[in-house]
Amino acid sequence: MMAAVRAVAPMVDPQADLLISNHLAPHFSHRPVIEIVGPDAANLDVDRYRQVLLDHRHPGWNATPELLAAIRTRLMRSGQWSLRFDQGGLWLWEHRSAD
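Residues numbered from 1 in each chain as written. Predicted model: local features only at pLDDT ≥ 70, side-chain atom pairs only at ≥ 80, totals over all residues. Heavy atoms only, no water.

Colleague: So what about the sheet that holds strand β3 (residues 51-55)? Which residues, and what values?
Modeller: Read from one edge of the open sheet, 5 strands run β2-β1-β3-β5-β4, paired in mixed fashion. With one partner strand each, in any of the chains shown, β2 (34-36) and β4 (81-87) form the two edges of the open sheet. Shown here is a sheet whose adjacent strand axes are inclined to one another by a mean of 15 degrees, direction ignored. Two elements, strand β1 (residues 18-20) and β2, share 3 bridges in a ladder whose sense is parallel. Across the sheet, residue Leu 19 finds its bridge partner in β2, namely Glu 35. (Pairing = 2+ DSSP bridges. Helix = DSSP H or I, 4+ residues; strand = E, 2+ residues; numbered from the N terminus. Axes fitted to C-alpha atoms, helices over the stretch in contact; angles between N-to-C directions.)

Dropping the structure here:
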């Protein structure tokens, strides 16, 4: 997983508002807004964020594979998000308005 974190790190904009799996947060903590995925994430307005970084192999504390799958489905269906990275269990999504 650390190789995937190193590979995705340059793609994560330091100025982007970020929704993230909790155990990844320390690697990306210097952001204006960083929110950790938790049980309430199923109801979050994902369009508040510019990027979403999830570890679907290791959902993290207080998250489930089903929750991450639900977030992924919402991102895919909205048509406003692009999957920029899918490697080593990590997904990095970027809001199309950021392109």
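Colleague: Go over helix α2 (residues 65-78) with me, naming the residues and quoting the values.
Modeller: In a regular helix each residue adds 1.5 Å, so 14 residues correspond to 20 Å; α2 covers 20 Å between its end C-alpha atoms and thus fits that length. What α2 keeps buried is the set Leu 67, Leu 68, Ile 71 and Leu 75. Seen along its axis, α2 keeps its buried residues to an arc of 100 degrees; they face one direction. Set apart from the buried face of α2 by more than 90 degrees, the exposed residues are Glu 66 and Arg 77. The elements touched by buried residues of α2 are β3, β4 and β5 (90-95). Taken from the residues just after α2, Gly 79 is the one with a positive phi, measuring 75 degrees. (Expected span 1.5 Å × (residues − 1). Buried < 20%, exposed > 50% of the residue type's maximum accessible area, 1.4 Å probe, protein only. Arc of directions from axis to C-beta. Contact = heavy atoms within 4.5 Å.)

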